[in-house]
Amino acid sequence: MRYDTRRPSATGSDLMVRLADGTPVYALGIRLARSADIARMASMAGCDLLWVDLEHCGMSIDVAGQILSCAHDLGLGAWVRVPENDFGVIGRLLDSGATGIILPRVETEAQAQRLAACCRFPPAGERSMIARLPQSGFGRLSTAELTEAANRQTICQALIESRLGVQNADAIAATDGIDILAIGANDLTAEMGFPGDVRHPAFIDACNAVADAARRHGKIAVIGGIAAEEDFIGFLKSGFSPFVFTGIDTDIIADGIAARCNAWRERMAGHDFNRN
């Protein structure tokens, strides 16, 4: 059930269709929250997707799974960025409720193949079989039904953040089971020697190469880390799908605290409370 009833549920292949059609998908990143209530807030706000950033926080798999399964129950995409390209970690997150896996710094075809294998049940991959999943309400499905539903529902995103990843973008995009190629602008510009300069010609060329590779192989290309609206719109016009990173909870909370404190300082500035 969506808390914002004006917006339909948007999970799995539905999100891919929207991105392919050029319909914006609005995502919220989670690094600080440790309660499933953050998923309820995201649903109330009208987000389409929630992604937990395990690459940059100390959150446990247990807590991540509770947030992700709640997001899925509410009709949101339930994605997680993992620091390890590992069958154990990825399998536990998928078994706990995730419907999408984001792997940072994918640089080779072999890494992309391993990611896809981690995320899919045989024969499409090597994910360990399980009888019941939270994504299907723990209902007892036949092995064929569970395998088909989980494989269709799970999205694999390869994050391109290095020169080597750009060079191998075509092979990564050609990998069966990889659904999305994503540019991580912050890491890629830093690795290329001009941190944060998303207007640098070399960065734009790299982005075009990744978008072209995705297009050739029928995959989706998205880009993150672009702060200015005009720059972001420019990349969308050059071939990237409108996957909108609305923010991450650490930034939202820090900015909110600063705004509240500054507002109260301004309110109190015109008053004299000196009792002497």
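Please refer to the structure placed before this passage.
The written sequence of each chain sets the order in which its residues are numbered from 1. Totals for whole chains, interfaces and linings use every residue, but because this is a predicted model, local features are given only for residues with pLDDT of at least 70 and side-chain atom pairs only at 80 or more, for both listing and counting. Only hydrogens and water are set aside when side-chain values are computed; all heavy atoms of the structure are taken into account.

*Asks:* How would you summarise the side chain of aspartate 231 if you had to cite specific residues and measurements?
*Replies:* Every helix listed is a DSSP run of H or I at least four residues long, and every strand listed is a run of E at least two residues long, numbered separately from the N terminus. Following the sequence through the fold, aspartate 231 ends up in helix H11 (residues 229–237). Judged by its relative accessible area of 15%, aspartate 231 falls in the buried class. Whether two residues touch is decided by their heavy atoms; if any such pair falls within 4.5 Å, the residues are in contact. With near-sequence residues (within four places) excluded, aspartate 231 lies in contact with Val198, Arg199 and Ile226. Partly exposed residues are those whose accessible area sits between 20% and 50% of the maximum for their type, while under 20% is buried and over 50% is exposed, using a 1.4 Å probe and protein chains only.

*Asks:* Could you give me a rundown of the pairing of strand E6 (residues 180–184), with the residues and numbers involved?
*Replies:* The buried fraction of E6 is high, at 5 of 5 residues. Neither face of E6 is open: one carries Ile180, Ala182 and Gly184, the other Leu181 and Ile183, and all of them are buried. For two strands to pair, DSSP has to find at least two bridges joining them. Judged from the 5 bridges that link them, E6 and strand E7 (residues 220–224) form a sheet pairing that is parallel. Within E7, the position partnered with leucine 181 by the bridge is alanine 221.

*Asks:* For the state of the cysteines, give the residues involved together with the corresponding values.
*Replies:* Disulfide assignment relies on a single distance test, namely cysteine sulfur atoms paired within 2.5 Å. Inspection of every chain in the model, using the stated rule, returns 0 disulfides. With no disulfide of its own, cysteine 119 lies closest to cysteine 156 among cysteine sulfurs, the gap being 3.3 Å. When its relative accessible area of 0% is taken as the criterion, cysteine 119 is described as buried.

All quantities given are derived from atomic positions and should not be read as evidence of function.
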